[in-house]
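Working through the structure, step by step
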Amino acid sequence: MRRTPLELAAIATAAVPGLAPTATAFSPDDDADFDSALLLDADGKRWRVRSPRHPEASTRLETEFMVLRAFAPSIRAELPFHVPTIAGTVRQGDLTTFVYTHLHGAMLSIEELSAGSPALAREIGSALAAIHDLPLTLVTNADLPSYSANEFRQRKLNELDQAATTGKIPATLLRRWEHALEDVALWRFNTSVVHGDLHEDNLMVQDDSVTALTGWTDLRIGDPADDFAWLVASNEASFVEAVLNHYTQARRETPDVHLLRRAALLAEFALAQYLVKAMAAGHQSMTAEAESMLQALSDDIDEQARRDQEAAQAAEDEAAEIQAAATAVSQNPPVSVVSIPDAGPTVTVAAIPEPSATSPEQPPESAPEGTTAPESAADSAEAGKPDRPGDSHSPSTNDQDDTSTAAISVVQVTPLHTANRS
């Protein structure tokens, strides 16, 4: 039976002596595992209450208690965010309720986070890097779970087998996840400390800054892709890429290239884990919800596969057309056209005027009175030439008979105006 915020406030007064709540509010949490509430006391101080709904959830809270005790002041000082402090506990039968001092900040939805400023993406990337760079001794000294890369993959295979026994996982998803888990290259990564239960409800944000991280019930050594699954599930590629870039810059070691692929797989597989958990708890509504989400995911994958197949077929057809065109060209070789080289400037050849019928001794026809007879162009040109050595002013027979091309001097002939023509 779910506890109301008022009931949780009453339990908190037993866990923390002197606590006098004046207001309560619902606090988002894992509904299948916990009942949570925020409290406000007379001094204006805020508190958070988490009450487990079954023994396994209570064990997780007790594990978190050990984790938070392992965060020594020196470790807390190096983190770019705050972690919770437990103010008190109260045990009721097999279940233990925990009360935490409240941490500043607000819980934002994934849509609000992805629509935030670049500074917020940088803060989230830096927070993830700080978690994964925590010393491994933090986990081993607290006797918390530790998995190698191969052990982590085998653990997921076992969980897949368990999910398959429900008979409610679509065949498309079972094949997809099995093939991914059998791809050994995908699971070559360096393990690190991981939060293990990171999502938007465990992220406290204030003024584009990550102020605190909560929900430390699943701290372990394992695959860093675990803490990216909730980001990939948002389907906000640009936001995920921005977070990953800042994460890579802040990490002490370079993350493996398959990190986001595994994160996407883990985000899908989380639906199967949700189904198994809902069926184990006997929650029919949650079971139906998990089945619906799994079927929707399967339909989306089938649709994407169909689109990919159509695109591949279109590319194959286009390649065949190009090949056919190339074959046709090879059977009918094209004519090579070579450009004609530039022959240089065009030479204008003017016709040589015929010799005058009049004798050289005969004087030219006198021009009408009042006018001056124009000189021929040849005469003008000849008059302008300087005398050459050996030239004679009298015409010679050799000059009239020399018609070789070497003796041809091409000149620009200026036509006479109509009024000057005889």
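Everything quoted here is computed from the prediction, not taken from an experiment. (Residues numbered from 1 in each chain as written. Predicted model: local features only at pLDDT ≥ 70, side-chain atom pairs only at ≥ 80, totals over all residues. Heavy atoms only, no water.)

Looking now at the overall build of the chain. Of the regular secondary structure elements, the chain holds 14 helices and 9 strands. Buried residues in the chain amount to 35% of all 422 residues. Contacts in the chain between residues far apart in sequence, at least 24 positions, make up 67% of those at least 6 positions apart. In the structure as shown, the chain presents an accessible area of about 25,700 Å², 53% of it carried by carbon and sulfur atoms. (Helix = DSSP H or I, 4+ residues; strand = E, 2+ residues; numbered from the N terminus. Buried < 20%, exposed > 50% of the residue type's maximum accessible area, 1.4 Å probe, protein only. Contact = heavy atoms within 4.5 Å. Areas by Shrake-Rupley, 256 points an atom, 1.4 Å probe, with all protein chains shown as cover.)

A few words now on the packing of aromatic side chains. Counted by the stated rule, this structure contains 8 aromatic pairs. Ring plane angle 50° and centroid distance 6.1 Å describe the contact between Phe65 and Phe98, whose orientation is recorded as tilted. One end of the pair, Phe65, is in helix α2 (residues 55–70); the other, Phe98, is in strand β5 (residues 95–101), and 33 residues separate them in sequence. An aromatic cluster is defined as three or more aromatic residues linked by ring pairs; in this entry it consists of Phe65, Phe98 and Tyr100. Note that Arg50 overlies the ring of Phe34, its terminal NZ or CZ placed 4.3 Å from the centroid. (Phe/Tyr/Trp six-rings, centres within 6.5 Å; stacked < 30°, edge-to-face > 60°. Lys NZ or Arg CZ within 6 Å of the ring centre and 35° of its normal.)

The next point concerns the pattern of salt bridges. Taken as a whole and assessed by the stated rule, the structure comprises 19 salt bridges. Between Lys277 and Asp33 there is a salt bridge, with its nearest N and O atoms 3.4 Å apart. In this pair, Lys277 sits in helix α11 (residues 259–281) while Asp33 sits in the loop between β1 (21–26) and β2 (34–41), placing the two residues 244 residues apart along the sequence. Its relative accessible area of 2% is what places Asp33 among the buried residues. The salt bridge involving Arg53 is made with Asp35; its shortest N-O contact spans 3.7 Å. (Salt bridge = Lys/Arg side-chain N within 4 Å of Asp/Glu carboxyl O.)

Between helix α7 (residues 149–164) and helix α8 (residues 171–182), the shortest axis-to-axis distance is 10 Å and the interhelical angle comes to 165°. Put simply, α7 runs roughly antiparallel to α8. α7 and α8 meet at a crossing whose hand is left-handed. Of the residues in α8, those in contact with Arg153, Lys156, Leu157, Leu160 and Ala164 of α7 are Leu174, Trp177, Glu178, Leu181 and Glu182. (Axes fitted to C-alpha atoms, helices over the stretch in contact; angles between N-to-C directions. Parallel < 35°, antiparallel > 145°, perpendicular 65-115°, else oblique. Left-handed = near helix turned anticlockwise from the far one by under 90°.)

On average, residues of the chain score 81 in pLDDT, and 78% of them reach the 70 mark or higher. Taken together, the stretch residues 357–414 has pLDDT below 50 and engages in 11 contacts with residues farther than four places along the chain or on a different chain. (pLDDT = per-residue confidence, 0-100.)

Let's shift gears to unusual backbone geometry. Phi angles above zero are rare outside glycine, and Asp207 is one such case at about 55°. Topologically, Asp207 is positioned in the loop between β7 (203–206) and β8 (209–213). Classification of Asp207 as exposed rests on a relative accessible area of 71%. Its identity is not glycine, yet Asn235 carries a phi of approximately 60°, on the positive side. Following the sequence through the fold, Asn235 ends up in the loop between α9 (229–232) and α10 (237–250).

We now examine a negative patch on the surface. Taken together, the side chains of Glu316, Asp317, Glu318 and Glu321 define an acidic patch exposed on the protein surface. Secondary-structure assignment places Asp317 in helix α12 (residues 284–331). (Patch = residues over 30% accessible without salt bridge, like charges linked within 9 Å, V, L, I, M, F, W, Y side chains within 5 Å. Lys, Arg positive; Asp, Glu negative; His and termini not counted. Charge placed at Lys NZ, Arg CZ, Asp CG, Glu CD.)

Within the fold, Asp227 resides in the loop between β9 (220–222) and α9. Arg220 provides the closest opposite charge to the buried, salt-bridge-free Asp227, at an N-O distance of 6.6 Å. If near-sequence neighbours (up to four positions away) are discounted, Asp227 is found in contact with Leu128, Ile131, His132, Val194, His195, Gly196 and Leu198.

Here 6 bridges tie strand β4 (residues 86–92) to β5, and the two strands are oriented antiparallel to one another. Pairing of Ile86 across the sheet is with Tyr100, part of β5. Linking β4 back to β5 in an antiparallel pair, the connection comprises 2 residues, with Gly93 at a positive phi of about 70°. (Pairing = 2+ DSSP bridges.)

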